[in-house]
Amino acid sequence: MTTEKSLLKLNNAINSFRKTHASSFADADVKHLTASITSTAAYIISGKKDNTKFLCVYNLSSKACDSADFTGCNSFSSSSCIMGDTEAPELSLSGTTVSVKKIAPFSFRVYALDATETNIWDDETYTANENYEPADEEPNVQKNYSVMYIRGNMNNWGGTQMTLLKDGKTFSYESSFSDGSNSSASKVTIIFKFCENNGTPWGDNWGTEKTSSNKDGNFIITLDANVPYVITFNPYTNTMNCNKK
């Protein structure tokens, strides 16, 4: 109830949308469009009584979709995003083919066609980037992670695989840390992130909120030198803990 983008609040938004357009959903035609990418889908709901038209688009893949085309769409002159990424490029129509850009993994959008509607749900993050990768999107809680790596100044950002604990969600990394430039230092600062891939691109990765003093959004903590620590991380809640062993 207190989480801003929880499943509960998503369902509340959907129910509110259905109530606002009750007549459209009570008596409407549903037209499925032909998708250019098999992991995407789309259909149009056309209300018979009020002439409303809603385009519903889905990305069923764990990878972001740079562009998806759907054929069989009737002509429209304008669109507004009711549910989904408000920062993504606008729809484009060529003949009967509508193109949808920059769709996050496991996400959906609802557009009002030939009408202006207020956006009531946006849990996507779109980054304007010519090399669009899934890492540009916020991690999605519907995805399952079986492998996790820790990357930081302790391993020259090369990536060390973590251990998946019995709960199936939390990953663990055990180590002691030292300052290579000062072997007598009693404290050491480690800078790190977590990621799903030990390569390029990183894929989904996690850190902290970016600030002017921490532009990369890294985890930064100071620990006792040469003392064993256990670092745990849960990617589903973005929760990191570090404790002495």
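Here, the structure is the one placed above.
So, how was this worked out
Residue positions within a chain follow its written sequence, with the count starting from 1. Local features in this predicted model are restricted to residues whose pLDDT is 70 or higher, and side-chain atom pairs enter the listing and the counts only when it is 80 or higher, whereas totals over whole chains, interfaces and linings include all residues. Neither water nor hydrogens contribute to the side-chain values; these are computed over all heavy atoms in the structure. Here a helix means four or more residues in a row that DSSP labels H or I, a strand means two or more in a row labelled E, and each is numbered from the N terminus. For a compact globule the rule gives 2.2 Å times the number of residues to the power 0.38, and the radius of gyration it is set against comes from C-alpha atoms. When a residue's accessible area, from a 1.4 Å probe over protein chains only, is under 20% of the maximum for its type it is buried; when over 50% it is exposed; and in between it is partly exposed. Contacts were defined at the residue level, with two residues in contact if any of their heavy atoms lie within 4.5 Å. Only the protein chains shown count as covering a residue, and every accessible area follows the Shrake-Rupley method with a 1.4 Å probe. Any N or O atom pair separated by 3.5 Å or less is treated as a polar contact, with the protein-specific requirement of one donor-capable and one acceptor-capable atom, and with residues adjacent in sequence counted only for side-chain atom pairs. Pairing between strands is defined by DSSP: at least two bridges between the two strands are required. Only the stretch in contact is used when a helix axis is fitted, and all axes are lines through C-alpha atoms; the angle between N-to-C directions ranges over 0 to 180 degrees. Throughout this description, the term salt bridge denotes a Lys or Arg side-chain nitrogen within 4 Å of a carboxyl oxygen of Asp or Glu. Expected helix span is computed as 1.5 Å times (number of residues minus one). Picture the helix axis, draw a direction to every C-beta atom, and the arc is the one those directions span.

On a plain count of helices and strands, the protein chain comes out with two helices and 18 strands. Here the C-alpha atoms of the protein chain give a radius of gyration of 23 Å, more than 25% beyond the 18 Å that 2.2 N^0.38 yields for 245 residues. When the backbone C-alpha atoms are referred to their principal axes, the protein chain occupies close to 80 × 35 × 35 Å. Of all 245 residues assigned to the protein chain, the portion counted as buried reaches 41%. For the protein chain, the proportion of contacts with a sequence separation of at least 24, taken over those separated by at least 6, is 62%. Carbon and sulfur atoms provide 46% of the accessible area of the protein chain, an area that totals close to 13600 Å².

Moving on: the environment of G95. Its place among the elements puts G95 in the loop between β7 (92–94) and β8 (97–103). C-alpha separation for the pair G95 and S78, spaced 17 residues apart in sequence, amounts to 15 Å.

We now examine the side chain of T40. Its location among the elements puts T40 in strand β3 (residues 40–47). Polar side-chain contacts of T40 include one of 2.7 Å to the backbone oxygen of I37.

The sheet built from five strands is open, its strands ordered β1-β3-β4-β9-β6 with antiparallel pairing. Edge positions in the sheet fall to β1 (28–32) and β6 (79–83), since each of these pairs with one other strand and no more. Averaged over neighbouring strand pairs, the angle between their axes works out to 25° when direction is ignored. Alignment of β6 against strand β9 (residues 107–113), held across four bridges, turns out to be antiparallel. Across the sheet, the residue bridging to M83 is V110, located in β9. Against the sheet, helix α1 (residues 7–20) touches β4 (53–59), β6 and β9, its axis set at about 130° to β6.

A few words on the pattern of salt bridges. If you walk through the whole model with that rule in mind, you get seven salt bridges. Between K48 and D29 there is a salt bridge whose closest N-O contact spans 3.5 Å. You can see K48 sitting in the loop between β3 and β4 and its partner D29 sitting in strand β1, a full 19 residues away along the chain. Residue classification places K48 among the partly exposed residues on the basis of a relative accessible area of 47%. Under the relative-accessibility criterion, D29 is labelled partly exposed at 43%.

Right, let's get into unusual backbone geometry. For residues other than glycine, phi is negative in most cases, and the peptide bonds are mostly trans. Residues other than glycine seldom take positive phi values, yet N156 does so here, at roughly 55°. On the secondary structure map, N156 appears in the loop between β10 (149–152) and β11 (160–161). Its identity as a non-glycine residue notwithstanding, N238 has a phi of 50°, on the positive side. Examined against the element boundaries, N238 turns out to sit in the loop between β17 (229–234) and β18 (239–244). When its relative accessible area of 37% is taken as the criterion, N238 is described as partly exposed.

Right, let's get into the sheet that holds β18. With antiparallel pairing, the four strands of this open sheet are ordered in space as β12-β13-β17-β18. Looking at which strands have only one partner, the edges of the open sheet turn out to be β12 (163–164) and β18. Here two bridges tie β12 to strand β13 (residues 171–175), and the two strands are oriented antiparallel to one another. Note on β13: the bridge partner recorded for L164 is F171.

The subject of this paragraph is α1. When the terminal C-alpha atoms of α1 are compared, their 20 Å separation across 14 residues agrees well with the 20 Å that a helix rising 1.5 Å per residue should span. Those residues of α1 that sit buried are L10, A13 and F17. Angularly, the buried residues of α1 cover 60° about the axis, an arc narrow enough to put them on a single face. Buried residues along α1 sit against α2 (22–26), β4, β6 and β9.

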